[in-house]
Amino acid sequence: MPRMTTADAAVAILRREGVTNAFGLPGAAINPFYAAMRRDGGITHTLARHVEGASHMAEGYTRARAGNIGVCVGTSGPAGTDMITGLYSASADSIPILCITGQAPVARLHKEDFQAVDIAAIAGPLTKMAMTVLEPAQVPGAFQQAFHLMRSGRPGPVLIDLPFDVQLAEIDFDIDTYEPLPVYKPAATRAQIAKALDMLAAAERPIIVAGGGIINADAADLLVEFAELTNTPVVPTLMGWGALPDDHRLMAGMAGLQTAHRYGNATLLASDFVLGIGNRWANRHTGGLGVYRAGRTFVHVDIEPTQIGRVFAPDYGIVSDARAALELFVEVARERQGPLPDRAAWAEQCRHRRATMQRRTHFDNVPVKPQRVYEEMNRAFGPETRYVSTIGLSQIAAAQFLHVYRPRHWINAGQAGPLGWTTPAALGVCVADPDTPVVALSGDYDFQFMIEELAVGAQFNLPYIHVLVNNAYLGLIRQSQRGFDMDYCVQLSFDNVNAPELGGYGVDHVKVAEGLGCKALRVTEPGEIGPALEEAKKLMTEYRVPVVVEVILERVTNISMGTELDNVTEFEDLAERREDAPTAVVALLD
């Protein structure tokens, strides 16, 4: 039997489980693991500037490609606690990442040793498994179980904590006979799918709510086929955006209080049957349940049994992986194609809403109105572009105005929405798929949270374009404070003594980005946005580093949002002519 250190065994298992990349920061307590990675030579390591950044890079890496599992590595103590936000974000959005931390020697865990913290207890509520491995012989089984849990059922993160002496201990281990554990995913039965289709067939105005579970299950192709077979309009959630191309005839728009379209809300409110697949009825999608549920029958399909009925009791629930369910939905729908009702008129009504209920994007104001930024982004970036964003008015407006055509081309921290997530996540996406254009989108506060990670992109030649919309405000919180009649502690503006040309907008993001080894451009007028984005493409190709395009916005713009699906406030003039929304996927009917 081959004999090796547990660290060598762990790295060998990572390789056998398909890991080729890791993100992290070495430290004294994790150096034996790093030494094992160095000896192995088969895992490419990206050195983050902050361990939270490494965890978000791992998230971006996982989200970019089906089957990926991002790995982040850090030392003992604060490295693990820094990863907690990444574990929360991954857990909330059902994203498998593996966090590996170093730890004080086993005999000193109870002695309050330097940087010794019970990270397993801290991470436990946010992971599918958090384990400090106390016995060297348990290391292979811990890693084997980690990959089994991350892939089985509802995907999610795992943390493995390795004491220093455990990493150095030698064990008997044969990697040549190692096998990953079988993955468990619940699957719908034919009878369950038949009942759900009976309910859909009885409806007059059905829709499909397509959630992030469809993306996670790599089942977008089956969703499109099923929607076309049944001629059922699709309302994607924010996490499911891209499962159906935005220019598809059955794309009905997103619904919700913020990241939604007027026509998406109108279609949901006009429906009488909702088939939710891989979604969780998030409150910013539903708004008040009284309005959301009124007059509608609901079927809910989800991989996690405890999600069924968590927010409200559906009329029928099915516990199933989205791909397994959609395979049966397609199969049974094909068999029933003759008896299925003709819903051409309903589908046409939904398309008509898209062509008549649009928000205006074309504004020539100086300072720039944010809507114009997204109009120009639609012109500059094609359907192959991957967008990365997290939270704020910038993200909300992006969901209202940008276009996404493919699964995993809108990569967003949905439930947790941590500020600072965008930059490291975008870098993880670049590592996962260096051949696809990546465009990140941030407001100024999100951008400032983990701005140091731009240096990672410069050091490791991870080029992408980062569109920075700067109004020198905590814009979403400022808008929320309107309900309290205040504008308090949300101003980011100040007179920068080193950059008076900014006119009170505070941080000179261009100088900071350049100081971190990146390229940066600043735009102050709407006519400059398009040329700046084209110049950014050239700079990215030439220098192979991140390129920041900062657009100076008007200080205050209130983005459309509300308290109920039928009570969304529109703060700006709506589109009345095609010229008002020239990059809309469906041309406005004048």
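Only a predicted model underlies this, so the values are computations on that prediction, with no experimental measurement involved.

A. A look at the sheet that holds strand S12 (residues 297-302). Within the open sheet, the five strands sit side by side as S10-S9-S11-S12-S13. Their pairing is parallel. Looking at the sheet topology across the chains shown, the edges are occupied by strand S10 (234-236) and strand S13 (316-319). Strand-to-strand, the axes of this sheet are offset by a mean angle of 15°, without reference to chain direction. Both strand S9 (residues 206-210) and S10 contribute to a ladder of three bridges, which runs parallel.

B. Region of interest: the sheet that holds strand S4 (residues 70-74). With parallel pairing, six strands are arranged side by side in an open sheet as S3-S2-S4-S5-S7-S6. Each edge of the open sheet carries a strand with a single partner, namely strand S3 (44-47) and strand S6 (129-132). Across the sheet, the mean angle from the axis of one strand to that of its neighbour is 20°, orientation sign disregarded. Inspection of the sheet shows S4 paired to strand S5 (residues 97-103) by five bridges, in the parallel sense. Bridge pairing links Cys-72 to Cys-99 in S5.

C. Focus on the nonpolar core. One finds Phe-226, Leu-275, Phe-329 and Met-377 to be the most contacted residues of the largest nonpolar core, which totals 79 residues. A per-element tally of this core places helix H15 (residues 322-335) first, with eight residues. If near-sequence neighbours (up to four positions away) are discounted, Met-377 is found in contact with Tyr-387, Leu-402, Val-439, Leu-441, Val-467 and Leu-533. Ranked by size, the runner-up nonpolar core spans 48 residues in total, among them Leu-87, Ile-451, Ala-458 and Ala-513.

D. Representation of the pairing of strand S14 (residues 386-389). Where burial is concerned, the two faces of S14 agree: the one with Arg-386 and Val-388 and the one with Tyr-387 and Ser-389 are both buried. In terms of strand pairing, S14 meets strand S16 (residues 438-443) through three bridges, oriented parallel. The residue bridging Tyr-387 from the neighbouring strand is Val-439, located in S16. In this structure, S14 lies alongside strand S15 (residues 410-412), joined through three bridges in parallel fashion. Of the residues in S15, the one forming a bridge with Tyr-387 is Trp-410. With respect to chirality, the unit in which S14 leads through helix H18 (residues 393-401) into the neighbouring parallel S15 is right-handed.

E. Structural context of the packing of aromatic side chains. Taken as a whole and judged by the stated rule, the model has 11 aromatic pairs. On the numbers, 6.0 Å between centres and 70° between planes, the contact of Trp-281 with Tyr-292 is edge-to-face. Placement of Trp-281 in the loop between strand S11 (273-277) and helix H13 (283-286) and of Tyr-292 in helix H14 (residues 289-293) is noted, with a sequence separation of 11 residues between them. Ring plane angle 70° and centroid distance 5.0 Å describe the contact between Phe-298 and Phe-312, whose orientation is recorded as edge-to-face. Within this pair, whereas Phe-298 is found in strand S12, its partner Phe-312 is found in the loop between S12 and S13, the two being separated by 14 residues in sequence. For Phe-298, a relative accessible area of 1% gives the class buried. Members of the aromatic cluster, connected to one another through ring pairs, are Trp-281, Tyr-292, Phe-298 and Phe-312. Over the ring of Tyr-543 we find Lys-519, and its NZ or CZ is 4.4 Å from the ring centre.

F. Here's a closer look at the environment of Ala-12. Inspection of the secondary structure assignment puts Ala-12 in helix H1 (residues 6-16). With relative accessibility at 15%, the residue Ala-12 sits in the buried group. Separated by 128 residues in sequence, Ala-12 and Pro-140 place their C-alpha atoms 9.5 Å apart.

G. How the structure looks around a nonpolar patch on the surface. Taken together, the side chains of Phe-484, Met-486 and Tyr-488 define a hydrophobic patch exposed on the protein surface, amounting to about 380 Å² of accessible area. The class for Met-486 is partly exposed, based on a relative accessible area of 37%.

H. Local environment of the pairing of S6. Across four bridges, S6 lies against strand S7 (residues 158-163) in parallel orientation. Residue pairing for S7: Ala-130 is matched across the bridge by Leu-159. Taking the sense of rotation as the criterion, the β-α-β connection linking S6, helix H7 (residues 139-151) and S7 turns out right-handed.

I. Structural detail: the packing of helix H3 (residues 51-64) against helix H19 (residues 422-432). Interaxial distance between H3 and H19 falls to 6 Å at its minimum, and their mutual angle equals 45°. Taken together, H3 and H19 sit at an angle that is classed as oblique. For H3 against H19, the interelement crossing comes out right-handed. Across from Gly-53, His-56, Met-57, Gly-60, Tyr-61 and Ala-64 in H3, the residues of H19 making contact are Pro-424, Ala-425, Leu-427, Gly-428, Val-429, Val-431 and Ala-432. When its residues are assigned to classes, the contact of H3 with H19 shows nine nonpolar, four polar and no charged.

Calculation notes
Residues numbered from 1 in each chain as written. Predicted model: local features only at pLDDT ≥ 70, side-chain atom pairs only at ≥ 80, totals over all residues. Heavy atoms only, no water. Pairing = 2+ DSSP bridges. Helix = DSSP H or I, 4+ residues; strand = E, 2+ residues; numbered from the N terminus. Axes fitted to C-alpha atoms, helices over the stretch in contact; angles between N-to-C directions. Core = buried A, V, L, I, M, F, W, Y, C linked by side-chain atoms within 4.5 Å. Buried < 20%, exposed > 50% of the residue type's maximum accessible area, 1.4 Å probe, protein only. Contact = heavy atoms within 4.5 Å. Right-handed = clockwise from strand over helix to strand, strands pointing away. Phe/Tyr/Trp six-rings, centres within 6.5 Å; stacked < 30°, edge-to-face > 60°. Lys NZ or Arg CZ within 6 Å of the ring centre and 35° of its normal. Patch = residues over 30% accessible without salt bridge, like charges linked within 9 Å, V, L, I, M, F, W, Y side chains within 5 Å. Areas by Shrake-Rupley, 256 points an atom, 1.4 Å probe, with all protein chains shown as cover. Salt bridge = Lys/Arg side-chain N within 4 Å of Asp/Glu carboxyl O. Parallel < 35°, antiparallel > 145°, perpendicular 65-115°, else oblique. Left-handed = near helix turned anticlockwise from the far one by under 90°. Nonpolar A, V, L, I, M, F, W, Y, C, P; charged D, E, K, R; others polar.

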